[in-house]
Structures are given as structure tokens and as C-alpha cells.
Amino acid sequence: RSFDGGVTTGSGRGRKPKVVGIDVQPKVGVRIMLGEKAKEFYTRGQGDVSAGCAGIISIVYPTGYCWCLWDNGQGNWYNTGRWNRYDLVERPQPPTLAQVRQQRAQARQAEALRQQQERMQDAR
């Protein structure tokens, strides 16, 4: 049985999560969450120690496994390619405050330019 990290076409935000081991190289420090199918598997079987939390990859083995430490303090081994199973998806880092401020400033500039162009067209 193959797990794909729960990647589906209807991911809610219009973007597919990046699967660790396929789209993202498993590396120490990558922020992760369990994919939807892996959540179902671990909830039915061993119990989901992540409890819906995000976590971080702590140890990577070349055999297709990694150890993840969850934000709730729990940890477990997860597949990142072993037996064609992919349990984890990347959890992108939120933007920094500087990035948010820059995006807002760019949006204000674009809006001011649009309004200026409208005024110029109305004046003609």
C-alpha cells in the first residue's frame, strides 16, 4: 500500500502540499506535518503521536526513514520513501514580519498607481 502524504486535488488552499521524499528532500530542520493518509494510518494503527501538531525532522536515515520531533514533545519514525511510502508533508514557514510589511507596501503602491491612472483617464 502506497502513501502519498495525503496529497489530493482538493487541498483547501488551492496548493498541493509538498511531500517529503518526493517534492522536498528530507533534511534535518525541515518543518513538517503528517499527510492526511498517514494520519488515518497512524490513528487506526499505532496512534498518532503528532496529535495534529507540526514538527521538525531531527534525524534522517538514507534507508527512507526519518525521526520527527513534534511540537507537543512526542517523536516517532516516519517513512520518506521506504516501500514507496511517504508519510510527511512540508509545512512552509510563515512569512517574516519584514516580508509582510514589504508585501503590504507593494500593494499600497500598486493601489495608488491604479487610482492615479483612473484619475488621469477621468480628466480626459
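Calculation criteria
Residues numbered from 1 in each chain as written. Predicted model: local features only at pLDDT ≥ 70, side-chain atom pairs only at ≥ 80, totals over all residues. Heavy atoms only, no water. Helix = DSSP H or I, 4+ residues; strand = E, 2+ residues; numbered from the N terminus. Buried < 20%, exposed > 50% of the residue type's maximum accessible area, 1.4 Å probe, protein only. Contact = heavy atoms within 4.5 Å. Pairing = 2+ DSSP bridges. Axes fitted to C-alpha atoms, helices over the stretch in contact; angles between N-to-C directions. Phe/Tyr/Trp six-rings, centres within 6.5 Å; stacked < 30°, edge-to-face > 60°. Lys NZ or Arg CZ within 6 Å of the ring centre and 35° of its normal.

1. Remarks on the overall build of the protein chain
Phase 1 of the analysis: Looking only at helices and strands, the protein chain has two helices and five strands in total.
Phase 2 of the analysis: Along the protein chain, helices (α) and strands (β) appear in the sequence β-α-β-β-β-β-α when read from the amino end.
Phase 3 of the analysis: Out of the 124 residues in the protein chain, the part that is buried amounts to 25%.
Phase 4 of the analysis: A sequence separation of at least 24 residues applies to 53% of the contacts in the protein chain between residues at least 6 apart.

2. Observations regarding the sheet that holds strand S3 (residues 65–70)
Phase 1 of the analysis: Taken together, five strands build an open sheet; the order of strands is S4-S3-S2-S1-S5 and the sheet is antiparallel. Of all strands in the sheet, those bounded by a partner on one side alone are strand S4 (75–79) and strand S5 (88–90). Geometrically, the sheet is characterised by an average inter-axis angle of 45° between neighbouring strands, direction not taken into account.
Phase 2 of the analysis: Note that strand S2 (residues 55–61) and S3 share six bridges and pair antiparallel. Opposite isoleucine 57, over in S3, you have cysteine 68 as the bridge partner.

3. Some points on the pairing of S2
Phase 1 of the analysis: Pairing geometry for strand S1 (residues 31–34) and S2, over two bridges, is antiparallel. Opposite isoleucine 32, over in S2, you have glycine 55 as the bridge partner.
Phase 2 of the analysis: The hairpin turn running from S2 into S3, its antiparallel successor, is three residues long, and glycine 64 in that turn takes a positive phi close to 95°.

4. As for the packing of aromatic side chains
The geometry of an aromatic ring pair is captured by two quantities: the separation of the ring centres and the angle between the planes.
Phase 1 of the analysis: The final tally for this structure, using the stated rule, is four aromatic pairs.
Phase 2 of the analysis: Arranged with centres 5.3 Å apart and planes meeting at 55°, the rings of tyrosine 61 and tryptophan 77 form a pair that is tilted. Of the two residues, tyrosine 61 sits in strand S2 while tryptophan 77 sits in strand S4, which places them 16 residues apart along the sequence.
Phase 3 of the analysis: Joined through ring pairs, the aromatic side chains of Tyr61, Trp67 and Trp77 make up one cluster.
Phase 4 of the analysis: Over the ring of phenylalanine 41 we find arginine 85, and its NZ or CZ is 4.7 Å from the ring centre.

Remember that the coordinates give geometry; whether it matters functionally is a separate question.
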